[in-house]
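Listed below, chain by chain, are the residues.
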Amino acid sequence: MDKAKRIERRIEKIKQSLAELGGMRPGSLSVQTRSWGGKYHQLSYTHQGKGRTEYVPPRRLGEVKRQLANYRKFRDLTQE
């Protein structure tokens, strides 16, 4: 019975963590170099079986990084 209660408590903690997650975005972020030497960030992901990439403006970089971290946390919690 003690093991069942521990599992139930862990499930409740996972549910609470999932409820606290903000916006999510799957994919990976990389730095690309332009031919003339400038750099920019690019988001790569798969949607409906097709690979996609998006330019990430510098003003949105922090937001996208948070969304990627939230998605990784979501994936880890749902696997548990």
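That block above? That's the structure.
In this text the structure is predicted, and so the values were computed from the model without any measurement.

Draft legend 1. Spatial organisation of the overall build of the protein chain. Of the regular secondary structure elements, the protein chain holds 2 helices and 3 strands. Secondary structure elements in the protein chain, listed N-terminal to C-terminal, are α-β-β-β-α. Taking 80 residues into account, the globule formula puts the C-alpha radius of gyration at 12 Å, and the protein chain, at 18 Å, lies well above it. Its C-alpha atoms give the protein chain principal-axis dimensions of roughly 65 × 30 × 15 Å. Within the protein chain, contacts between residues separated by at least 24 positions form 43% of all contacts whose residues are at least 6 apart in sequence. As displayed, the protein chain has an accessible area near 6,400 Å², and 49% of this comes from carbon and sulfur atoms. The protein chain carries 19 positive and 8 negative side-chain charges, and their two centres are separated by 9 Å.

Draft legend 2. View of the side chain of Gln67. Residue position: Gln67 is located in helix H2 (residues 61–79). Residues in contact with Gln67, not counting those within four places in the same chain, are Gly23, Met24 and Arg25.

Draft legend 3. Structural view of H2. Over its 19 residues, H2 runs 27 Å from end to end, which matches the ideal 27 Å to within 8%, given 1.5 Å per residue. Those residues of H2 that fall on the buried side of the exposure criterion are Leu61, Val64, Gln67, Leu68 and Leu77. Turning to H2, the residues buried within the fold contact helix H1 (2–20), strand E1 (28–33), strand E2 (39–47) and strand E3 (50–56).

Draft legend 4. Structural context of the pairing of E3. Sheet topology note: the E2/E3 ladder contains 7 bridges and is antiparallel. Bridging across to E3, His41 finds its partner in Val56. Here E2 folds back onto E3, and the loop between the two strands holds 2 residues, one of which, Gln48, carries a positive phi near 50 degrees.

Cut-offs applied
Residues numbered from 1 in each chain as written. Predicted model: local features only at pLDDT ≥ 70, side-chain atom pairs only at ≥ 80, totals over all residues. Heavy atoms only, no water. Helix = DSSP H or I, 4+ residues; strand = E, 2+ residues; numbered from the N terminus. Rg over C-alpha atoms; globule rule 2.2 N^0.38 Å. Contact = heavy atoms within 4.5 Å. Areas by Shrake-Rupley, 256 points an atom, 1.4 Å probe, with all protein chains shown as cover. Lys, Arg positive; Asp, Glu negative; His and termini not counted. Charge placed at Lys NZ, Arg CZ, Asp CG, Glu CD. Expected span 1.5 Å × (residues − 1). Buried < 20%, exposed > 50% of the residue type's maximum accessible area, 1.4 Å probe, protein only. Pairing = 2+ DSSP bridges.

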